[in-house]
Amino acid sequence: KNQVEQSPQSLIILEGKNCTLQCNYTVSPFSNLRWYKQDTGRGPVSLTIMTFSENTKSNGRYTATLDADTKQSSLHITASQLSDSASYICVVSDRGSTLGRLYFGRGTQLTVWP
Amino acid sequence: EADIYQTPRYLVIGTGKKITLECSQTMGHDKMYWYQQDPGMELHLIHYSYGVNSTEKGDLSSESTVSRIRTEHFPLTLESARPSHTSQYLCASGAEEQYFGPGTRLTVT
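Anyway, here's the lowdown on the structure attached to this text.

Reading the values: the criteria
Residues numbered from 1 in each chain as written. Chains lettered and ligands numbered in written order. Predicted model: local features only at pLDDT ≥ 70, side-chain atom pairs only at ≥ 80, totals over all residues. Heavy atoms only, no water. Phe/Tyr/Trp six-rings, centres within 6.5 Å; stacked < 30°, edge-to-face > 60°. Buried < 20%, exposed > 50% of the residue type's maximum accessible area, 1.4 Å probe, protein only. Lys NZ or Arg CZ within 6 Å of the ring centre and 35° of its normal. Helix = DSSP H or I, 4+ residues; strand = E, 2+ residues; numbered from the N terminus. Polar contact = N/O pair within 3.5 Å; in protein donor to acceptor, adjacent residues only side chain to side chain. Contact = heavy atoms within 4.5 Å. Buried area = accessible area lost by both parts, 1.4 Å probe. Salt bridge = Lys/Arg side-chain N within 4 Å of Asp/Glu carboxyl O.

### Quick word on the packing of aromatic side chains
Under the definition given, this model contains eight aromatic pairs over all chains. Residues Tyr48(B) and Tyr50(B) carry aromatic rings whose centres are separated by 5.7 Å and whose planes lie at 75 degrees to one another, so their mutual orientation is edge-to-face. Judged by relative accessible area, Tyr48(B) falls into the buried class, the value being 10%. Grouping aromatic residues by their ring pairs yields a cluster made of Tyr36(A), Phe104(A), Tyr33(B), Tyr35(B) and Phe100(B). Lying over the aromatic face of Tyr62(A), Arg61(A) brings its terminal NZ or CZ to 5.7 Å of the ring centre.

This is the structure in structure tokens:
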């Protein structure tokens, strides 16, 4: 069964600190993995997208890594800001259908305190 | 920011009412999607479309229906709203990259 598991479920950090969010998946065949940021009451916004051959991708203070062999990904946030408070969702796409089906994790709820 | 819009943003409505959630995109995307998301849970695909006059049901069974008469427009309709339909509904468009609208928070009393 194609699944995406994220940990931790929630995380609280102080402003300026770094943090790392984890994503494990069983989706096969694998096409790409995306990290989205979803603010409360808003739609998800893409942060990074990585294909099988990529093992790291950065977007400002966000750095995503991918290990396609172990089917694990992480999202590292550097020097956190209050505006980083949001849900971070790991999404994996398969190659098994023309739709390019997306499998969503439940997200990690990050809270940054001043 | 993606050019995809949803209205209304919030809707509180009584049981039995018919409602239509609007979704429009100006990016010319052929593929469009509707997702349902409950608090703290993952997004579930309820409908998708490959283009005009093409609609398919997604993974999660839904009593809603959709139509795709124009490329830019993908409305979702509930003929008779029930409290179990209370949720957030997200519209998206795109192929390799999916762009999401801001969502409609629906509450059925």
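### Concerning the side chain of Ser93(B)
All names here are of chain B. With respect to the helices, strands and loops of the structure, Ser 93 is situated in strand E9 (residues 87–93). A polar contact of 2.8 Å, which involves the side chain of Ser 93, links it to the side chain of His 29. Setting aside its immediate chain neighbours within four residues, Ser 93 contacts Ile 4, Gln 25, Met 27, His 29, Lys 31, Met 32, Tyr 33, Gln 98 and Tyr 99.

### Some thoughts on the interface of chain B and chain A
Listed per partner, the contact involves 23 residues of chain B and 18 residues of chain A. When chain B packs against chain A, the two sides together hide about 1,700 Å² of surface, and 45% of this comes from carbon and sulfur. The largest share of the area that chain B buries against chain A comes from Glu42(B), Glu97(B) and Phe100(B), three residues that together contribute 24% of it. Counting across the interface, chain B meets chain A through one salt bridge. Among the salt bridges present, the one from Arg106(A) reaches Glu42(B), with a minimum N-O distance of 3.0 Å. Taken together, the connections running from chain B to chain A amount to six residue pairs in polar contact (both at pLDDT 80 or more).

### Observations regarding the side chain of Thr108(A)
Residues and elements named next belong to chain A. Structurally, the position occupied by Thr 108 is in strand E11 (residues 108–113). For Thr 108, the side chain forms a polar contact with the main-chain oxygen of Pro 8, separated by 2.6 Å. Each residue touching Thr 108, except ones within four places of it in the same chain, is listed here: Gln 6, Ser 7, Pro 8, Gln 9, Ser 10, Leu 11, Leu 21, Ala 86, Ser 87 and Tyr 88.

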